[in-house]
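If you want the building blocks of each chain, they are given just below.
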Amino acid sequence: MEGVTEGVNNISINMNDSYKKNRIQVSNTKKPLFFYVNLAKRYMQQHNEVELSALGMAIATVVTVAEILKNNGLAVEKKIMTSTVDIKDDSRGRPVQKAKIEIVLGKTANFDELMAAAAAEDGENGDIEESA
C-alpha cells in the first residue's frame, strides 16, 4: 500500500493551455442547472472570471447559466466563442461534428457586495430555522 501512496504522491500534473483552473465544462445531463450557477459564482470569487464551455445539447445550459449570472448583476460577458469539433462516434465509426461554445464571464464591479448580501441573507434564514 505504501508503494501506491508513494506513486500517487510523485505524479506530476502537466499544465498546458487546454487545462484552465477557471473553466467549467457543462453537461446537460449530469448536474442540475443551479449547480453550475453556484460553481461559476465560486470560480469568479477565486479567479475574477470563469469560462463556461459546452458541446452540443449542453449549449443551452451554458447560455442559461450565463444569463442568470448576468441578470442577477453578478457577471459581465467578456468573450463568446463558437466552433465545431470532431468527435469520434464509436457506433458509426466515423467522426461527428458537434457545436461548441465557450463563454468567458467576468465579475461586475458590485459582485463582492452582492455576494456578501446574499450570504448575510442566507445566514438570517438559517438562524430563523434553527431557533424554530
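This write-up is about the structure you can find in this document. In this text the structure is predicted, and so the values were computed from the model without any measurement.

**Here's the deal with the pattern of salt bridges**
Evaluation of the coordinates by the stated rule reveals six salt bridges. R23 is the salt-bridge partner of E51, the closest N and O atoms lying 2.9 Å from each other. Remark: R23 occurs in strand 1 (residues 23–26) and E51 occurs in strand 2 (residues 49–55); sequence separation between them is 28 residues. As far as burial versus exposure is concerned, E51 and R23 are alike and both buried. For K107, the salt bridge goes to D112, with nearest N and O atoms at 3.3 Å. On the accessibility criterion, D112 (49% relative accessible area) is partly exposed.

**Regarding the side chain of N22**
One can find N22 in the loop between helix 1 (2–9) and strand 1. The class of N22 is buried, set by a relative accessible area of 13%. A polar side-chain atom of N22 sits 3.3 Å from the main-chain carbonyl oxygen of E49. Apart from the residues within four sequence positions on either side, N22 is in contact with Y43, H47, E49, V50 and E51.

**As for the pairing of strand 3 (residues 75–89)**
Relative to strand 4 (residues 94–107), strand 3 is paired through 14 bridges, and the arrangement is antiparallel. Looking at the pairing, I87 lines up with V96 of strand 4. Between the end of strand 3 and the start of strand 4, which pair antiparallel, lie four residues, with G93 showing a positive phi angle near 75 degrees.

**Some thoughts on the nonpolar core**
If you look at the biggest cluster of nonpolar residues, it comprises 24 residues, and the most contacted ones within it are I24, M44, V50, L52, V62, L69 and L105. When residues of this core are traced back to their parent elements, those giving at least two are strand 1, helix 2 (33–47), strand 2, helix 3 (59–71), strand 4 and helix 4 (111–131). Considering each element in turn, this core owes the most residues, six residues, to helix 2.

**Observations concerning helix 2**
Across its 15 residues, helix 2 extends 21 Å between first and last C-alpha, which sits within 8% of the 21 Å expected from 1.5 Å per residue. Buried within helix 2 we find Y36, V37, L39, A40, K41, Y43 and M44. Among the residues trailing helix 2, N48 stands out with phi positive, at a value near 70 degrees.

Rules used throughout
- Residues numbered from 1 in each chain as written.
- Predicted model: local features only at pLDDT ≥ 70, side-chain atom pairs only at ≥ 80, totals over all residues.
- Heavy atoms only, no water.
- Salt bridge = Lys/Arg side-chain N within 4 Å of Asp/Glu carboxyl O.
- Helix = DSSP H or I, 4+ residues; strand = E, 2+ residues; numbered from the N terminus.
- Buried < 20%, exposed > 50% of the residue type's maximum accessible area, 1.4 Å probe, protein only.
- Polar contact = N/O pair within 3.5 Å; in protein donor to acceptor, adjacent residues only side chain to side chain.
- Contact = heavy atoms within 4.5 Å.
- Pairing = 2+ DSSP bridges.
- Core = buried A, V, L, I, M, F, W, Y, C linked by side-chain atoms within 4.5 Å.
- Expected span 1.5 Å × (residues − 1).

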